[in-house]
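# Observations on chain architecture
The chain contents come next:
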Amino acid sequence: MDFEDTPLGHQKCDKEMDEDAAARKLPDWDPQAMLWNLSFLEHKIHQLRSMVHLIVQQQDCVSHRSNGLLAQQQQLVSADLTSIIVQLISTAGSLLPSSKTSPSTANVPRSVHVSEAVEQNNVIEHLEIGQAVNYVLEQNDIGKSNLTAAAVEEHEFKEEEDVEEGHDLHPGSYEVLQLEKEEILAQHTHFCLICAKGFKRDANLRMHMRGHGNQYKTPAALAKPAKDLSTEPVVLRRYSCPFVGCKRNKEHKKFLPLKTILCVKNHYKRTHCEKSYICSRCNNKRFSVSADLKTHEKHCGRDNWLCSCGSTFSRKDKLFGHVALFQGHTPVLPSDETKGSVSDGGESHELTTRAGSTRFNFSSGASSGIDIQNVLGSRNGEDDPSSSYSQMDFEACNFYGFPELPRIPSEVSEGSLSFLLSESSSVRNGGSLDDAL
Amino acid sequence: MGRFKPFEFLSDEIIFTILDSLSSSPLDLKSFSLVCKSFHSLESKHRKTLKPYSTELVNKILNRYPFVSSLDFSLCPRVADKTLCLISSSIGLKSINLSRSKFFTHLGVSSLVSNNCLTLTEIDLSNGISLNDSTASVISEAKNLEKLWLSRCVFISDMGIGCIAVGCKKLKLLDLKGCFSLSDLGVGLVAVKCKQLQILDLSYIPITNKCLPEIFQLPYLKSLALVGCCFIDDEGLANIRQGSLSLETLNMSYCPNVSHVGLSAVTNGVVSLRQLIIAYGSPVTVSLTDCMQRLPMLQSVKLDGCQLTSSALKAIGDWCISLRDLSLSKCVGVMDDGLSLLVAKHKQLKKLDISCCREITRLSMDSITNSCTSLTSLRMESCSLVSREAFISIGKKCHFLEELDFTDTEVDDEGLKSISRGSRLSVLRIGICLNITDEGLIHVGTHCPKLIELDLYRSPSITDLGIAAIASGCPNLEIINLAYSTDITDNSLLSLSKCTKINTLEMRGCPNISSTGFSAIAQGCKRLTKLDIKSCFNINDSGMALLAHFSQSLKQINLSYCSVTDVGLLALASISCLQVVTILHVDGLTANGLIAALVSCRGLRKVKLHTSFKSSLSQPFIEHIESRGCSFQWRDKPFQAAVDARSWKQQLEATL
């Protein structure tokens, strides 16, 4: 029997969202919806009961059960219980008069409820955590950001601010939340309740908690807060930048809300904060969000596709598109390729004089020192050309005087050419190409 | 003092006009300039183009010919940057050819271009495997450049060609054949920027469909070559809505992914197309011929090496247009029925190439001779099923034949007699025709005074008699191949020495030839540029000495198996323009003699040697020779004995 695959969670989630939307539309409580909610809860509890019943039966049947499986089952049961509690609280919460009067404040109690619910999960086993609930209630501001940050804690990347639904939303159809500057710039959003150490991520906090006692080492304590958390009634929520006069500030005439907390953070840092991150490669570009710097550093120095107008491109096709578009713009080669000047003295000159005066060292005394040019030069003067060579002793020639001859290094290495040849032969008519080369 | 000087009454312009008509033969110009001082200076002023043998004297040459605007360095294997600097500073250069030269860099080209940036119109840098993008960016300064050859400049990339595309807007001809480093981007930019382009060669560039739309929008494009562009396919071509309307020649050989679909898309509405070459492509089907039929100006079609069906040939025959030039060489599936139907309709055909269509017989030949009476060129190498009588009818019906290739056919003396009646014949190839004897050659010799090229490769029945008839009857002979015609003796060469225009002589494997006959050739044929005397065992040093003395324009020689020694080779080395030498299995040659010859022969570009010499030449020496622009080719062929023509042909047929 596999509990994990039960699609209960998803169904519930969908239904609750509908439910939530219905609750928000009506000013007074809807008995019909409430009835539906209660029957759903009943059904849910019934399900859970049968599940626990099954576990009990299994324990009876099989004597040897691995601890891991037990823990897993326990975790599942507790997660389901949590969701039931959340459901219960939200159903009750929808009846509270304050939940509709002010959208910005309505959020606070609900958040608290939820965080309370989360903790409730642990309370069942570890009553000590009950303090945490109090702490969260007291540290309202931090708790609020804690909760919301937790929802996006796994998002390492900056979110695109453009992809906001806010443009489509009517100005009253969502609630607007405005964090204060200090909250936005706060380094840590998760705090240890025992030693008050701050953490950026909830997961890090949980890791830290292990040092405070064995009770924090249980799988349940270490587990990521259940995803069921998101099944709370979702109110469309948008954020406002605290900087007055900014278009993202809710006072602005053409207010454009921000979608998530992360958007708020990135927007605020980018627009209203000092750019303190400097690219170490170019020492020029500055960023206020470290992720922006990282993105830039990935490409910094790689804009080696240069146009004569000074524009640089990271891709060749972009450069060629640019050049094709404008009159007079030319691709510019990297500067190191075009350096150099014609060497003085001219190697060719040196070569020819050298070759011309090369003397062949005849080892035998009789013919030593014969200059090959002289021998050839005598040809025209002779009546019988063939006779003039007869005395020459070629066997005695010795040509070892060549090491100092100039050699012009070719720019093309043998290896690279042979590569080209082998590649060309893979083209269909390699034969003609080989001939050509 | 008071002598009458008739030439003083001629103005310079008139003499220049006379010189213009002399310019086809450089020797005549030389003789003219040697008449007197004033002729010398006039000739110097008149000379516009130069083709120097060596760069050593470039300085003096430029002083003598101040108005030279076109330099051809194709005989100089080594052209250094310094030479180019020297040239660029002294004359107003219009055209330069560096396609066969090495050892210059972008610096030399830079000085060349920057000093002549407004006058330069033609640059040939083909085979510049050491040239890179910097060279290309330097070339782009030549604003008025109209013709640029960069074939096989394998290291010029998109960036370089991009510079050229932007800089040289007046380009009319661009040859980028085999520039492997280019891609769609560079080629596309060329097509966007150089709107004046008329001739574009993009063969063997790894371009894809992406750059095709720009290319086909070039407004003045006349000739386009896309040979071996195997990434181009039907899909890409189908995206071209309108083919270039000015296109006259399209070459899409070796494009395996292009079928009739792509071709009909490209040629759609291209009414000006005259020549279509789709050799070695996808099989020729009826649908392919249908799309060609829609081209009203089409005159020349080359389908070499394609797979054909008789129905496709018949479909070509049904076209309403009449082709002038058709090439079906090495096509698979050319049968008598298809070919007969084809030629029956195309009565205007002037050139027909059916080489290696081995299936055709006399039937096809009869319909060819009956309908295509205005044929000027007929190539039917290896059509071995065609009977002897067919050749007689060719001679009877086709009176305008100028070029005939009957290599490896059954043509006999009667056939030659019939053919030689048409006195226009200038090229005749009858190699490996075992039925031919002196009798046939005598007919050719007596009736074909315009003969320029004669190929008698492996004709075992030919003797001195036949050659004598050719030599006396064909004074214009320039190219003759006597290879493996084993009965040839010195007498043939003595008679051939009267043909002073001979520039190419092949007589490998003629064992009866000695230095006596060879000397006669050397003295008589002073224009000899290519010579093959491989396996002429009796040719020795004395022949070489005379050759070296008289044939000062010899460029290429094959000496393998000859009795030449160090002395002969050294004599040969004094020929200043000698470029290619093949020396294999020459017993009399020692390493030291070889070294001496290599050192003294400056113009060498290629030397083919036996591997056994490799160890006796020191590495620094080889490097030194290579630095002059000469490349070594080492061969390890075993010593081969001569084989007579009949058994050779049997062997050949056995391997096929």
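Residues numbered from 1 in each chain as written. Chains lettered and ligands numbered in written order. Predicted model: local features only at pLDDT ≥ 70, side-chain atom pairs only at ≥ 80, totals over all residues. Heavy atoms only, no water.

### Observations concerning the overall build of chain A
Scanning chain A for helices and strands turns up 17 helices and 9 strands. Within chain A, the fraction of its 437 residues that count as buried is 34%. Of the roughly 26,500 Å² that chain A leaves accessible, carbon and sulfur atoms contribute 53%. (Helix = DSSP H or I, 4+ residues; strand = E, 2+ residues; numbered from the N terminus. Buried < 20%, exposed > 50% of the residue type's maximum accessible area, 1.4 Å probe, protein only. Areas by Shrake-Rupley, 256 points an atom, 1.4 Å probe, with all protein chains shown as cover.)

### A short note on the overall build of chain B
In terms of helices and strands, chain B carries 27 helices and 24 strands. In chain B, which comprises 656 residues, the proportion classed as buried is 59%. Carbon and sulfur atoms form 54% of the exposed surface of chain B, whose accessible area is close to 25,200 Å².

### Section: the environment of A:Arg201
Residues and elements named next belong to chain A. Position of Arg201 among the secondary structure elements: in the loop between strand E3 (198–199) and helix H9 (202–209). Under the relative-accessibility criterion, Arg201 is labelled partly exposed at 33%. For the pair Arg201 and His190, spaced 11 residues apart in sequence, the C-alpha to C-alpha distance is 6.3 Å.

### Section: helix H2 (residues 26–33) of chain B
All names here are of chain B. Listed as buried for H2 are Leu29, Phe32 and Ser33. Taken down its axis, H2 places every buried residue within 95 degrees of arc, on the same side. Contacts from the buried residues of H2 go to helix H1 (12–22), helix H3 (37–46) and helix H4 (58–64). (Arc of directions from axis to C-beta. Contact = heavy atoms within 4.5 Å.)

### Quick notes on the state of the cysteines
All names here are of chain B. Scanning the model with the defined rule gives 0 disulfides over all chains in all. Cysteine Cys230 remains unbridged, with the sulfur of Cys229 as its closest cysteine sulfur at 7.6 Å. Here Cys357 is not cross-linked by a disulfide; its sulfur's nearest cysteine counterpart is in Cys331, at 5.7 Å. (Disulfide = S-S within 2.5 Å.)

### Quick look at the pairing of strand E24 (residues 631–635) of chain B
It is a general feature of regular strands that their side chains alternate between the two faces of the sheet. Residues and elements named next belong to chain B. Pairing between strand E23 (residues 606–610) and E24: 5 bridges, direction parallel. Paired with His610 across the two strands is Arg635, which belongs to E24. Handedness of the crossover joining E23 and E24 through helix H26 (residues 619–627) is recorded here as right-handed. (Pairing = 2+ DSSP bridges. Right-handed = clockwise from strand over helix to strand, strands pointing away.)

### Remarks on empty space enclosed by the protein
Residue and element names in this part refer to chain B. In this structure the tally under the stated criterion is 6 cavities of 30 Å³ or more. Taken together, Met252, Cys255, Val258, Ser259, His260, Leu263, Ile278, Gly281, Ser282, Leu288 and Cys306 make up the lining of the second largest cavity. Per-class residue counts for the lining of the second largest cavity are 7 nonpolar, 4 polar and no charged. (1 Å grid on protein atoms, 1.4 Å probe; cavity = no way out; pocket = protein on both sides within 12 Å on 5 of 7 lines; lining within 4 Å. Points joined across faces, edges and corners; volume = space filled by probe spheres on them. Nonpolar A, V, L, I, M, F, W, Y, C, P; charged D, E, K, R; others polar.)

### Details of the sheet that holds strand E7 (residues 305–307) of chain A
All names here are of chain A. Taking strand neighbours across the sheet as the criterion, the 3 strands line up as E8-E7-E9 in an open arrangement whose pairing is antiparallel. For this open sheet the edge positions go to strand E8 (312–313) and strand E9 (331–332), each flanked by a neighbour on one side alone. Two elements, E7 and E8, share 2 bridges in a ladder whose sense is antiparallel. Looking at the pairing, Trp305 lines up with Phe313 of E8. Strand contacts of helix H13 (residues 316–325): E7, E8 and E9, with the helix running at about 15 degrees to E7, the strand carrying the most contacts. (Axes fitted to C-alpha atoms, helices over the stretch in contact; angles between N-to-C directions.)

### Observations concerning the UniProt feature "domain: C2H2-type" (unreviewed entry) in chain A
UniProt records the feature "domain: C2H2-type" (unreviewed entry) for residues 190–217 of chain A in the present numbering. As a span, residues 190–217 of chain A carries 29% helix and 14% strand, and end to end its C-alpha atoms are 18 Å apart. (UniProt positions renumbered as here; feature names shortened; annotations may be inferred.)

### Quick word on the packing of aromatic side chains
The geometry of an aromatic ring pair is captured by two quantities: the separation of the ring centres and the angle between the planes. Residue and element names in this part refer to chain B. In this structure the tally under the stated criterion is 6 aromatic pairs over all chains. Geometrically, the ring pair formed by Phe391 and Phe406 is edge-to-face, given 4.8 Å between the ring centres and 75 degrees between the ring planes. Residue Phe391 is located in helix H17 (residues 388–397), and its partner Phe406 is located in the loop between strand E15 (403–405) and helix H18 (413–419); the two are separated by 15 residues in the primary sequence. An identical accessibility class is assigned to Phe391 and Phe406; each is buried. Pairing Tyr457 with Tyr484 gives two aromatic rings, centres 5.9 Å apart and planes at 90 degrees, and the pair type is edge-to-face. Residue Tyr457 is located in the loop between strand E17 (453–455) and helix H20 (464–473), and its partner Tyr484 is located in the loop between strand E18 (479–481) and helix H21 (490–496); the two are separated by 27 residues in the primary sequence. Judged by its relative accessible area of 18%, Tyr484 is buried. (Phe/Tyr/Trp six-rings, centres within 6.5 Å; stacked < 30°, edge-to-face > 60°.)

### Some details on the nonpolar core
With 203 residues, the main nonpolar core has B:Ile354, B:Ile430 and B:Leu496 as its most contacted residues. Here this core gets 7 residues from one element, more than from any other, and that element is helix H25 (residues 591–600) of chain B. Contact partners of B:Leu496, with chain neighbours within four places excluded, come to B:Ile467, B:Ala471, B:Leu477, B:Ile480, B:Leu482, B:Ile502, B:Ile521 and B:Cys525. Membership of the second largest hydrophobic core comes to 11 residues, among which are A:Ile184, A:Tyr239, A:Cys241 and A:Ile261. (Core = buried A, V, L, I, M, F, W, Y, C linked by side-chain atoms within 4.5 Å.)

### Notes on a positive patch on the surface
Taken together, the side chains of B:Lys396, B:Lys397, B:Lys417 and B:Arg421 present a region of like positive charge at the surface. Locating B:Arg421 in the fold gives a position in the loop between H18 and strand E16 (427–429). (Patch = residues over 30% accessible without salt bridge, like charges linked within 9 Å, V, L, I, M, F, W, Y side chains within 5 Å. Salt bridge = Lys/Arg side-chain N within 4 Å of Asp/Glu carboxyl O. Lys, Arg positive; Asp, Glu negative; His and termini not counted. Charge placed at Lys NZ, Arg CZ, Asp CG, Glu CD.)

### Topic: the environment of B:Thr409
Residues and elements named next belong to chain B. Within the secondary structure, Thr409 sits in the loop between E15 and H18. Sequence separation of Thr409 and Ser387 is 22 residues, and the distance between their C-alpha atoms is 8.5 Å. Not counting chain neighbours up to four residues away, the residues in contact with Thr409 comprise Met380, Ser382, Cys383, Phe391, Ile432 and Cys433.

### Observations regarding the side chain of B:Ser495
All names here are of chain B. By the secondary structure assignment, Ser495 is in helix H21. Judged by relative accessible area, Ser495 falls into the buried class, the value being 9%. For Ser495, the residues in contact, after removing those within four places along its chain, are Ile467, Ala468 and Ala471.

### So, the confidence of the model for chain A
The predicted structure's coordinates, where accompanied by low pLDDT, should not be read in detail. All names here are of chain A. Mean pLDDT over chain A stands at 62; residues scoring 70 or higher make up 48%. Contacts from residues 1–27, a stretch scored under 50 in pLDDT, to residues over four places away or in other chains number 34 contacts. When the criterion is pLDDT under 50, residues 343–437 qualifies, and its contacts beyond four places in sequence or with other chains add up to 126 contacts. (pLDDT = per-residue confidence, 0-100.)

### Structural notes on the confidence of the model for chain B
When pLDDT is averaged along chain B, the result is 89, and 98% of the positions lie at 70 or above. Overall fold confidence (pTM) sits at 0.67, and the ipTM for the predicted complex is 0.81.

### What to know about the side chain of B:Asp413
Residues and elements named next belong to chain B. Mapped onto the elements, Asp413 comes out in helix H18. With no salt bridge to any partner, buried Asp413 finds its closest opposite charge in Arg388, at an N-O distance of 8.3 Å. What Asp413 contacts, discounting residues up to four positions off in sequence, is Asn435, Ile436, Thr437, Glu439, Gly440 and His443.

### Quick look at the packing of helix H14 (residues 310–317) of chain B against helix H15 (residues 336–345) of chain B
All names here are of chain B. In contact at an axis separation of 7 Å, H14 and H15 are set at 5 degrees when each is read in the N-to-C sense. The angle between H14 and H15 places the two elements in the roughly parallel class. Across the interface between the two elements, Ser310, Leu313, Lys314, Ile316 and Gly317 from H14 touch Asp337, Gly338, Leu339, Leu341, Leu342 and Lys345 from H15. Counted by class, the contact of H14 with H15 contains 5 nonpolar, 3 polar and 3 charged residues. (Parallel < 35°, antiparallel > 145°, perpendicular 65-115°, else oblique.)

### Side note on the packing of H13(A) against helix H8 (residues 158–167) of chain B
In contact at an axis separation of 12 Å, H13(A) and H8(B) are set at 5 degrees when each is read in the N-to-C sense. In terms of their interaxial angle, H13(A) and H8(B) are classed as roughly parallel. Together, A:Lys316, A:Leu319, A:Phe320 and A:Val323 of H13(A) and B:Asp158, B:Met159, B:Gly162 and B:Val166 of H8(B) make up the contact between the two elements. Class assignment for the residues of the contact of H13(A) with H8(B) results in 5 nonpolar, 1 polar and 2 charged.

### Notes on the pattern of salt bridges
Residues and elements named next belong to chain B. Per the counting criterion, the structure on display carries 19 salt bridges over all chains. Here Glu43 makes a salt bridge to Arg47, at a shortest N to O gap of 3.1 Å. The residue Glu453 makes a salt bridge to Arg429 at a minimum N-O spacing of 3.1 Å. Here the residue Glu453 occupies a position in strand E17, and Arg429 occupies one in strand E16, the gap between them amounting to 24 residues. Given a relative accessible area of 16%, Arg429 falls into the buried group.

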